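# Understanding the architecture of this molecule
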Amino acid sequence: MLTRNRVFLLADKKQIYKLIKLAGLVTFIPFVLVSGPIAAFVLGSFLQKKFFFSEYYTYALVVLGFAISIIEVIKILRKTVKIEKDK
C-alpha cells in the first residue's frame, strides 16, 4: 500500500490533478457522442407526431445531431491536447 509520502514522490500534486482532468474529459466523450443523436431523434419524433412532418426530417435531424456531436468531440480533444502540453 502506498502511503501519502510515496504517492507524492511518484507524481507531484499538479500532475495528479492534470491526469484527473484529462481522464474526466476523455470519459465524457461517449456521452457527448450519444446525446446529440438521441436529442435530435426525440425532437424529430415530436415534430413528426405534433406537426405531421415527414420521417425524413427525423433522419436529417439525427444526422445533424451526430455531426454536432463530432464537432464537440473535436473541441474536447483539442482541449485535452492543450492540457497535456501545458506543464
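Above this note sits the structure.
This write-up is about the structure you can find in this document. (Residues numbered from 1 in each chain as written. Predicted model: local features only at pLDDT ≥ 70, side-chain atom pairs only at ≥ 80, totals over all residues. Heavy atoms only, no water.)

Here we come to the packing of aromatic side chains. If you walk through the whole model with that rule in mind, you get four aromatic pairs. Ring geometry for F51 and F53: centres 6.2 Å apart, planes at 40°, overall tilted. F53 sits in the partly exposed class, given a relative accessible area of 36%. Centroid distance F53 to Y57: 5.1 Å. Interplanar angle 45°. Geometry classified as tilted. (Phe/Tyr/Trp six-rings, centres within 6.5 Å; stacked < 30°, edge-to-face > 60°. Buried < 20%, exposed > 50% of the residue type's maximum accessible area, 1.4 Å probe, protein only.)

Moving on, we come to helix 3 (residues 55-85). Relative to the 45 Å expected for 31 residues at 1.5 Å per residue, helix 3 spans 46 Å between its end C-alpha atoms, a close match to the ideal helical length. Summarising the contacts, the buried residues of helix 3 are in contact with helix 2 (13-51). (Helix = DSSP H or I, 4+ residues; strand = E, 2+ residues; numbered from the N terminus. Expected span 1.5 Å × (residues − 1). Contact = heavy atoms within 4.5 Å.)

Turning next to the pattern of salt bridges. Counted according to the given criterion, the structure contains one salt bridge. E72 is the salt-bridge partner of K75, the closest N and O atoms lying 3.5 Å from each other. Highlighted residues: K75 and E72, both in helix 3, separated by three residues, approximately one helical turn. (Salt bridge = Lys/Arg side-chain N within 4 Å of Asp/Glu carboxyl O.)

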